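Single-letter residue listing:
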Amino acid sequence: MKKYWKMLLAVIIILLAVFLTVFGLAKAKKVFINKWFVNEKKSTIGVDLSSYQADVDMNMLKAQGIAFVYVKASEGSTHQDERFPENWENAKGAGLLSGAYHFFSYDSPGATQAENFISVVGTDLTGRLFPAVDVEYYGDKEENPPLKEDVVRELSVFLDALETQYGVKPMIYTRSDIYEKYLEGTFDSYPFWISSLYTPIKWNYHGDWYIWQYLNRGILDGYEGGEKYIDLNVLSRDKDLEELIVK
């Protein structure tokens, strides 16, 4: 019996060491473990893309089980994604539920950013997914973060303008640390799309969410001429994709 318990203890120690090693590598952003926690065959999976994916075949994405797609439309007050018109039209043609997203700039007024987005996407999103805004760091913003009061003010202006135009609260895409620094307590009535790429979302975010971006190293058929990878997202089991369609 002593030999049995010694062997069992050794196995437990080895398994614990393996777990701690993998966990440490995940926290250090060196390995991706989220695919272990997402049953892609039984979940509602979507992608988000931009001109970086170049030529996109929406029909092929749908054939691989992709249920929805978010397409980059604009950034800041002037930039417009050059691939948006064809991606937007092709997604509709493929019968793929689609939404448009805007990359938020900390260096530009929220009002003119909203004008830019609306000018690209159009004034009617009926039948499409809720518009989304991508709030994250870029450039040197993580090392030199903008003031919270400035972010809250301009983001509020942007969101209010889109809600007035489309009649729904836009979805906010962000990371848990940015949520805690800028958004928590002020924008909690909005639907959230959380990026947690290296660890399961429950490990670092405890608020309500609709979509979890769990991998930015996805590889699918259906896009060529640009980026090798595509972002993969999963709908919360507690939500229905119908809830995110503009009526």
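Residues numbered from 1 in each chain as written. Predicted model: local features only at pLDDT ≥ 70, side-chain atom pairs only at ≥ 80, totals over all residues. Heavy atoms only, no water.

Visitor: Can you help me understand the layout of surface pockets in this one?
Guide: Any empty space left between the atoms is revealed when a probe the size of a water molecule rolls over them. The volume enclosed by the largest pocket comes to roughly 1,100 Å³. Lining the largest pocket are 35 residues, and of these E136, Y173, S195, L197 and N216 lie nearest its centre. Tallied by class, residues from the lining of the largest pocket come to 14 nonpolar, 10 polar and 11 charged. Here the second largest pocket defines a volume of roughly 390 Å³. Forming the walls of the second largest pocket are 18 residues, and the residues nearest its centre are I201, K202, W209, W212 and R237. Here the lining of the second largest pocket is composed, by residue class, of 10 nonpolar, three polar and five charged. (1 Å grid on protein atoms, 1.4 Å probe; cavity = no way out; pocket = protein on both sides within 12 Å on 5 of 7 lines; lining within 4 Å. Points joined across faces, edges and corners; volume = space filled by probe spheres on them. Nonpolar A, V, L, I, M, F, W, Y, C, P; charged D, E, K, R; others polar.)

Visitor: How do you make sense of the packing of helix α5 (residues 148-166) against helix α6 (residues 176-183) when you look at a structure like this?
Guide: Where α5 contacts α6, the two axes come as close as 9 Å, and the packing angle between them is 90 degrees. It follows that α5 is roughly perpendicular to α6 by the angle criterion. Contact with α5, carried on its side by K148, V151, V152 and L155, involves K181, Y182 and L183 of α6 and no other residues of that element. (Axes fitted to C-alpha atoms, helices over the stretch in contact; angles between N-to-C directions. Helix = DSSP H or I, 4+ residues; strand = E, 2+ residues; numbered from the N terminus. Parallel < 35°, antiparallel > 145°, perpendicular 65-115°, else oblique. Contact = heavy atoms within 4.5 Å.)

Visitor: Looking at this structure, how should I read helix α3 (residues 84-93)?
Guide: Residue pairs three or four apart in sequence face the same way in an α-helix, which turns once every 3.6 residues. For α3, the complete set of buried residues consists of F84, N87, W88 and A91. Projected onto a plane normal to the axis of α3, the buried residues spread over an arc of 100 degrees and lie on a single side. Turned more than 90 degrees away from the buried face of α3 sit P85, E89 and G93, all of them exposed. For α3, the elements touching its buried residues are β1 (45-49), β2 (55-56), α2 (58-63), β3 (68-75), β5 (97-103) and α4 (110-121). Just downstream of α3, G95 is the residue with a positive phi angle, here 70 degrees. (Buried < 20%, exposed > 50% of the residue type's maximum accessible area, 1.4 Å probe, protein only. Arc of directions from axis to C-beta.)

Visitor: What should I look at first to understand the packing of aromatic side chains in this one?
Guide: Two aromatic rings, taken as a pair, are described by how far apart their centres are and by the angle between their planes. Per the stated rule, a full pass over the model turns up 15 aromatic pairs. Measuring from centroid to centroid gives 5.2 Å for Y179 and Y205, while their planes differ by 75 degrees, and the two rings are edge-to-face. One end of the pair, Y179, is in helix α6; the other, Y205, is in the loop between β8 (192-195) and β9 (211-218), and 26 residues separate them in sequence. Where W209 meets W212, the ring centres are 6.4 Å apart and the plane angle is 80 degrees; that geometry is what we call edge-to-face. Each member of the pair, W209 together with W212, is buried. These aromatic residues form a ring-pair network of at least three members: F103, F104, Y106, Y138, F158 and Y182. (Phe/Tyr/Trp six-rings, centres within 6.5 Å; stacked < 30°, edge-to-face > 60°.)

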